[in-house]
Number of protein chains: 2
Amino acid sequence: MSTIYTSRELDKMDKRYRAKFINCLSGIKSANLVGTIDENEKTNLSMISSCVHLGASPSLMGMVIRPRSVPRHTFDNLKETKSWTINHVTEGLVKQAHQTSARYPKEISEFDAVGLTPEFIPGVFAPFVKEASLKFALKLVDILPIKQNGTEFVIGEITHVCLDEKWLDEDGSLRLEKAGTLGVSGLDEYVTLESLYRLSYAKPDKDLEEI
Amino acid sequence: MSTIYTSRELDKMDKRYRAKFINCLSGIKSANLVGTIDENEKTNLSMISSCVHLGASPSLMGMVIRPRSVPRHTFDNLKETKSWTINHVTEGLVKQAHQTSARYPKEISEFDAVGLTPEFIPGVFAPFVKEASLKFALKLVDILPIKQNGTEFVIGEITHVCLDEKWLDEDGSLRLEKAGTLGVSGLDEYVTLESLYRLSYAKPDKDLEEI
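The written sequence of each chain sets the order in which its residues are numbered from 1. Each chain is given a letter, starting from A, and each ligand a number, starting from 1, according to the order in which they appear as written. The predicted nature of this model means local features are confined to residues of pLDDT at least 70 and side-chain atom pairs, given and counted, to a pLDDT of 80 or more, with totals for whole chains, interfaces and linings taken over all residues. With hydrogens and water excluded, all non-hydrogen atoms of the structure serve as input to the side-chain values.

**What to know about the confidence of the model for chain A**
Moving on, step 1. For every residue, the predictor reports its confidence as pLDDT, a number between 0 and 100. Across chain A, the average pLDDT comes to 95, with 97% of residues at 70 or higher.
Moving on, step 2. In the model output, the complex is listed with pTM 0.96 alongside ipTM 0.95.

This is the structure in structure tokens:
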């Protein structure tokens, strides 16, 4: 039994109810931890569900930073250092990852607060999450302000990727469900992934095949 | 056993291998069908995996349109009519949804080509997918060109939402896994979702609870 909500019904919703409702609409979201560090070597870690693929060549990724809801420290740090890491959230990390969304004061690193370990590699200024097994680093390319709600669309180029090759298929695809990568629905529901199938490249006059 | 790929290794990858590899890195992506129509009432339907939540008040959503890989018709239509719909892909729709990514000429509607039904409701110019059970309409708010790779970040405001209330929790959250919403990994792998748990709102000095 389908119900239609118009703008009028959306406007009547209680603010928190509406936030949960609208946050679920885009569909399943990626669950990632963003690692940054400031010039004084204070690390920061925050949960983000808005990473989006922009292109493979150059390898660009975007994410939405909401100044009012995600700690501003992430944005300040990546603007200052031009460097951040993205670390996939898996089942063993999910409670610590979710806990990073608490509003810690600037002098407390979320790494310490939630019990995760900053890891540094040559050529990357920002810290990875040592406990994460699929992660990558980006350098700042551009920041597009979204004037309608004060969020920022941050664009980075991928410079380093760390992963276990056992999740890598022969054709370059990663088996995210084997790596234990989770998804997030709305603000607070975490989901595991199960592969249905892969489908062949679509052409107008050809039947699809499961591959 | 973890391997590190630097920009140098990424640059050496074969183009198709690299496209599959980089497309998997952001994590799980939402699987949606975008419905549009032109001023001559020719409908268009295309698969998109880059929908991203931008904010709940106003209710804004973004998506990345890649002129070279997604049919340009979607972009042309939404620019012309300021209207589009987003329809969640479920297991019963996935092959038809994937098939819309084939390069059909402008005179063929993907609705007809793949066997899905355009559905119109009062107040929304663009067609919904009748067979989809969780869907919403947007009006154009802004288009931000991403100059680094020629993609466009299209921002819309949600004006209408159609869903079955049995998927709606008391607090406004939607149970996407009950609605059968799928995710997509990389370019061609579809995944089903299974709820792990919901976690309580994180505060610095409070333990998280499964809710």
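From this point, the narrative continues.
**Here we look at the pairing of strand 7 (residues 83-88) of chain B**
Residue and element names in this part refer to chain B.
Moving on, step 1. Per-residue accessibility, obtained with a 1.4 Å probe over protein chains only, is compared with the maximum for each type, and a residue is labelled buried under 20%, exposed over 50%, and partly exposed between these values. Here a helix means four or more residues in a row that DSSP labels H or I, a strand means two or more in a row labelled E, and each is numbered from the N terminus. Here strand 7 lies mainly inside the structure; 6 of its 6 residues are buried.
Moving on, step 2. Both faces of strand 7 are covered, namely the face carrying Ser-83, Thr-85 and Asn-87 and the face carrying Trp-84, Ile-86 and His-88.
Moving on, step 3. Here the rule is simple: two strands pair whenever DSSP picks up at least two bridges between them. Sheet topology places strand 3 (residues 32-37) next to strand 7; 4 bridges connect them, and they run antiparallel. Bridge pairing links Leu-33 to Asn-87 in strand 7.

**Some remarks on the nonpolar core**
Moving on, step 1. Here, the term nonpolar core denotes a set of buried Ala, Val, Leu, Ile, Met, Phe, Trp, Tyr and Cys residues that are joined through side-chain atoms within 4.5 Å. Formed by 68 residues in total, the largest nonpolar core has its most connected members in Phe-21, Leu-25 and Met-63 of chain A together with Phe-21, Leu-25 and Met-63 of chain B.
Moving on, step 2. Sequence-distant contacts of Met-63 of chain B, defined by excluding residues within four places in its chain, comprise Val-34, Ile-48, Ser-50, Cys-51, Leu-78, Trp-84, Ile-86, Glu-152, Phe-153 and Val-154 of chain B. In what follows, a contact means two residues having at least one pair of non-hydrogen atoms within 4.5 Å.

**A look at the sheet that holds strand 13 (residues 189-198) of chain A**
Moving on, step 1. Pairing within the open sheet is antiparallel, and its 6 strands lie in the order 2(A)-12(A)-13(A)-13(B)-12(B)-2(B). Bordering the open sheet on either side are strand 2 (29-30) of chain A together with strand 2 (29-30) of chain B, each of which pairs with just one other strand.
Moving on, step 2. Of the strand pairs in this sheet, strand 12 (residues 183-185) of chain A and strand 13 of chain A are connected by 3 bridges, and their pairing is antiparallel. The partner of Ser-185 of chain A across the bridge, within strand 13 of chain A, is Glu-189 of chain A.

**Let's talk about the interface of chain A and chain B**
Moving on, step 1. With 105 residues of chain A at the interface, the matching set in chain B holds 105 residues.
Moving on, step 2. Overall, the association of chain A and chain B removes approximately 8,900 Å² of surface from exposure, summing both partners, and the carbon and sulfur fraction of that is 58%.
Moving on, step 3. Of all residues in chain A, the largest losses of buried area upon contact with chain B belong to Leu-25, Ile-28 and His-53 of chain A, amounting jointly to 7% of the total for that side.
Moving on, step 4. When a carboxyl oxygen of Asp or Glu lies within 4 Å of a side-chain nitrogen of Lys or Arg, that pair is called a salt bridge. Inspection of the region where chain A meets chain B yields 10 salt bridges.
Moving on, step 5. Between Arg-198 of chain B and Asp-188 of chain A there is a salt bridge; the shortest N-O distance is 2.8 Å.
Moving on, step 6. We define a polar contact as two N or O atoms separated by no more than 3.5 Å, with the added condition that, inside protein, one atom must be a possible hydrogen donor and the other a possible acceptor, whereas residues neighbouring each other in sequence contribute only through side-chain atom pairs. At the boundary of chain A and chain B, one finds 51 residue pairs in polar contact (both at pLDDT 80 or more).
Moving on, step 7. The classification used treats Ala, Val, Leu, Ile, Met, Phe, Trp, Tyr, Cys and Pro as nonpolar, Asp, Glu, Lys and Arg as charged, and all other residues, Gly among them, as polar. For the side of chain A that touches chain B, the per-class residue count stands at 50 nonpolar, 31 polar and 24 charged.
Moving on, step 8. Across 5 bridges, the pairing between strand 1 (residues 2-6) of chain A and strand 11 (residues 151-164) of chain B is antiparallel. In the sheet register, Thr-6 of chain A faces strand 11 of chain B, and the bridge partner there is His-160 of chain B. Buried area: the accessible area, evaluated with a 1.4 Å probe, that two parts lose upon being put together, summed over both parts.

**Notes on helix 2 (residues 15-25) of chain B**
The periodicity of an α-helix, 3.6 residues per turn, causes residues three or four positions apart to be oriented the same way.
Residue and element names in this part refer to chain B.
Moving on, step 1. For helix 2, the complete set of buried residues consists of Arg-18, Phe-21, Ile-22, Asn-23, Cys-24 and Leu-25.
Moving on, step 2. The N-cap of helix 2, judged by a side-chain oxygen 3.1 Å from the amide nitrogen of Arg-16 a few residues on, is Asp-14.
Moving on, step 3. Once helix 2 finishes, Gly-27 follows within two positions and takes phi at roughly 105°, a positive value.

**Points about the pattern of salt bridges**
Moving on, step 1. One pass over the full model with this rule turns up 28 salt bridges over all chains.
Moving on, step 2. Between Lys-20 of chain A and Asp-171 of chain B there is a salt bridge, with the nearest N and O atoms lying 3.4 Å from each other. Here the residue Lys-20 of chain A occupies a position in helix 2 (residues 15-25), and Asp-171 of chain B occupies one in the loop between strand 11 and helix 6 (176-179), the pair thus bridging two chains.
Moving on, step 3. When the shortest N-O distance is used, the salt bridge between Glu-177 of chain B and Arg-175 of chain B registers 3.6 Å. You'll find Glu-177 of chain B and Arg-175 of chain B in the same group, each marked buried.

**Quick word on a positive patch on the surface**
Moving on, step 1. Like charges within 9 Å and nonpolar side chains (Val, Leu, Ile, Met, Phe, Trp, Tyr) within 5 Å are joined into patches, using only residues over 30% in relative accessible area that form no salt bridge. The accessible surface values rely on the Shrake-Rupley method and a 1.4 Å probe; as for residues, cover is taken only from the protein chains in view. Charged residues are defined narrowly, with Lys and Arg counted positive, Asp and Glu counted negative, and His plus the chain ends left uncounted. Here the site of a charge means NZ on Lys, CZ on Arg, CG on Asp, or CD on Glu. Among the surface-exposed residues, Lys-15 and Arg-16 of chain A together with Lys-203 and Lys-206 of chain B lie close enough to one another that they form a single positively charged patch.
Moving on, step 2. Relative to the helices and strands, Lys-15 of chain A is located in helix 2.
Moving on, step 3. Given a relative accessible area of 71%, Lys-15 of chain A falls into the exposed group.

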